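Spelled out, the chains give:
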Amino acid sequence: MKILLAPAETKNPNGDSKPYCEENFFLKELFSKREEIFELYENHIKSLDLQELSKWFGLKKIEEVKRYKQSLKNKPTMKAIQRYNGVAFDALAYDSLDNKQKAYIDDNVVLFSNLFGPIKASDLIPDYKYKQGAKLPNINVEKFYLENFSLALDDYLGEEIIDLRAGHYEKFYKVKKANVLTFKFLKDNKVVSHWAKHYRGILLKHLATNNISSIAEFLASNIEGLKLVEIQEKKNIKLLVMQIE
């Protein structure tokens, strides 16, 4: 069983691992495809002045813009699961997990980067900025990764998937054959959006701390603070409606 997760806009800086290279990523047979987007990104960033970059990055502080204007080629890297920060990643609290739980995350979680495409939690990435929805010239990045990575992902992900992504990241990969769990979160019978990120992180932590290896095992477990109120089924997808208690 594999788990799909969205990234976060904000990143932790620095790193202590080797710079961007083929060995840093899974699906090494497709690294040349990542390279195509990486080079387009590098060239685009190089071509823009600070004001244009401020708009493209979605950043107001010029010092932050300068930080991300630098080439990524020589920047140090860290695990993707540690690079991203934000509501879901705070809820997961990866650094607080024990080694077995960290290994579970590293081995089973696939994230979807606006720049690097599908990456394992343990893949090593630099500190970068690529605002969701930003466009590179003459290419649709989401469509590019969808067309070039879907077959390899089908093979890698197997027959059972827990999908904790936000809807935008289905543009990078759509599960067609595997059995999938997705989630909707309710508070006082109203759908929550921003806090859904927090509870996706809670679910991921639950999976790791309990070493859950199948959908059946997950469905049989109890998650503190959440109550399953409905299961909606459509083809290969089960949507679990969870009430926040």
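Quick notes on the rules
Residues numbered from 1 in each chain as written. Predicted model: local features only at pLDDT ≥ 70, side-chain atom pairs only at ≥ 80, totals over all residues. Heavy atoms only, no water. Helix = DSSP H or I, 4+ residues; strand = E, 2+ residues; numbered from the N terminus. Rg over C-alpha atoms; globule rule 2.2 N^0.38 Å. Buried < 20%, exposed > 50% of the residue type's maximum accessible area, 1.4 Å probe, protein only. Contact = heavy atoms within 4.5 Å. Areas by Shrake-Rupley, 256 points an atom, 1.4 Å probe, with all protein chains shown as cover. Lys, Arg positive; Asp, Glu negative; His and termini not counted. Charge placed at Lys NZ, Arg CZ, Asp CG, Glu CD. 1 Å grid on protein atoms, 1.4 Å probe; cavity = no way out; pocket = protein on both sides within 12 Å on 5 of 7 lines; lining within 4 Å. Points joined across faces, edges and corners; volume = space filled by probe spheres on them. Nonpolar A, V, L, I, M, F, W, Y, C, P; charged D, E, K, R; others polar. Core = buried A, V, L, I, M, F, W, Y, C linked by side-chain atoms within 4.5 Å. Phe/Tyr/Trp six-rings, centres within 6.5 Å; stacked < 30°, edge-to-face > 60°. Lys NZ or Arg CZ within 6 Å of the ring centre and 35° of its normal. Axes fitted to C-alpha atoms, helices over the stretch in contact; angles between N-to-C directions. Left-handed = near helix turned anticlockwise from the far one by under 90°. Pairing = 2+ DSSP bridges.

- By the naming in an unreviewed UniProt entry, the protein goes by Peroxide stress protein YaaA and is assigned to Malaciobacter marinus.

### Things to note about the overall build of the protein
Then, in step 1: When helices and strands are counted, the protein shows nine helices and twelve strands.
Then, in step 2: Relative to its length of 245 residues, the protein is compact, with a C-alpha radius of gyration of 18 Å against a globular reference of 18 Å.
Then, in step 3: Out of the 245 residues in the protein, the part that is buried amounts to 51%.
Then, in step 4: Across the protein, every contact between residues at least 6 apart in sequence was considered, and the portion connecting residues at least 24 apart equals 68%.
Then, in step 5: In the structure as shown, the protein presents an accessible area of about 12300 Å², 48% of it carried by carbon and sulfur atoms.
Then, in step 6: Distance from the positive charge centre (39 side chains) to the negative charge centre (34 side chains) of the protein: 5 Å.

### What to know about the environment of Leu-97
Then, in step 1: If you trace the backbone, Leu-97 turns up in the loop between helix 5 (87-92) and helix 6 (99-108).
Then, in step 2: Filtering out sequence-adjacent residues up to four positions away, Leu-97 remains in contact with Leu-92, Lys-102, Ile-105, Lys-205 and Thr-209.

### A short note on the layout of surface pockets
Then, in step 1: Empty space within the largest pocket amounts to approximately 350 Å³.
Then, in step 2: Of all elements in the fold, only helix 5 and helix 8 (194-209) reach the threshold of two or more residues within the lining of the largest pocket.
Then, in step 3: Here the lining of the largest pocket is composed, by residue class, of 13 nonpolar, five polar and four charged.

### A short note on the nonpolar core
Then, in step 1: Residues Tyr-41, Ile-105, Phe-183, Phe-185 and Phe-218 are the most contacted members of the largest nonpolar core, which totals 81 residues.
Then, in step 2: At seven residues, helix 7 (residues 141-157) tops the list of elements feeding residues into this core.
Then, in step 3: Excluding residues within four positions of it along the chain, Ile-105 makes contact with Ile-81, Leu-92, Tyr-94, Leu-97, Ala-121, Leu-204 and Ala-208.

### Some thoughts on the packing of aromatic side chains
Then, in step 1: Under the defined criterion, the tally for this structure stands at 24 aromatic pairs.
Then, in step 2: Between Phe-183 and Phe-185, the ring centres sit 6.3 Å apart and the planes meet at 15°, which makes this aromatic pair stacked.
Then, in step 3: The buried category is assigned to Phe-183, whose relative accessible area is 12%.
Then, in step 4: Phe-185 sits in the buried class, given a relative accessible area of 2%.
Then, in step 5: A network of ring pairs unites the aromatic residues Tyr-20, Phe-25, Phe-31, Phe-38, Tyr-84, Phe-89, Phe-116 and Tyr-128 as a single cluster.
Then, in step 6: Over the ring of Tyr-128 we find Lys-11; its NZ or CZ atom is 4.5 Å from the centre of that ring.
Then, in step 7: Positioned above the aromatic ring of Phe-112 is the side chain of Arg-165, whose terminal nitrogen or guanidinium carbon lies 4.8 Å from the ring centre.

### Here's the deal with the packing of helix 6 against helix 8
Then, in step 1: In contact at an axis separation of 8 Å, helix 6 and helix 8 are set at 120° when each is read in the N-to-C sense. Helix 6 and helix 8 meet at a crossing whose hand is right-handed. Residues Gln-101, Tyr-104 and Ile-105 of helix 6 form the contact with helix 8, whose participating residues are Leu-204, Leu-207, Ala-208 and Thr-209.
Then, in step 2: Of the residues in the contact of helix 6 with helix 8, the class split is five nonpolar, two polar and no charged.

### Quick look at the pairing of strand 8 (residues 160-164)
Then, in step 1: Most of strand 8 is tucked away, with four of its five residues classed as buried.
Then, in step 2: Looking at chain direction, strand 1 (residues 2-5) and strand 8 are connected through four bridges and run parallel. Looking across to strand 8, one finds that Ile-3 is bridged to Ile-162.
Then, in step 3: Of the pairings in the sheet, the one linking strand 8 to strand 9 (residues 179-187) comprises three bridges and is parallel in character. Across the sheet, residue Ile-162 finds its bridge partner in strand 9, namely Leu-181.

### Topic: unusual backbone geometry
Then, in step 1: A positive phi angle, close to 50°, is found at Leu-27, a residue other than glycine.
Then, in step 2: Tracing the backbone through its elements, the reader meets Leu-27 in the loop between strand 2 (10-11) and helix 1 (31-47).
Then, in step 3: Leu-27 sits in the buried class, given a relative accessible area of 10%.
Then, in step 4: Despite not being glycine, Lys-235 has its phi angle at roughly 55°, a positive value.
Then, in step 5: Tracing the backbone shows Lys-235 in the loop between strand 11 (226-234) and strand 12 (237-244).

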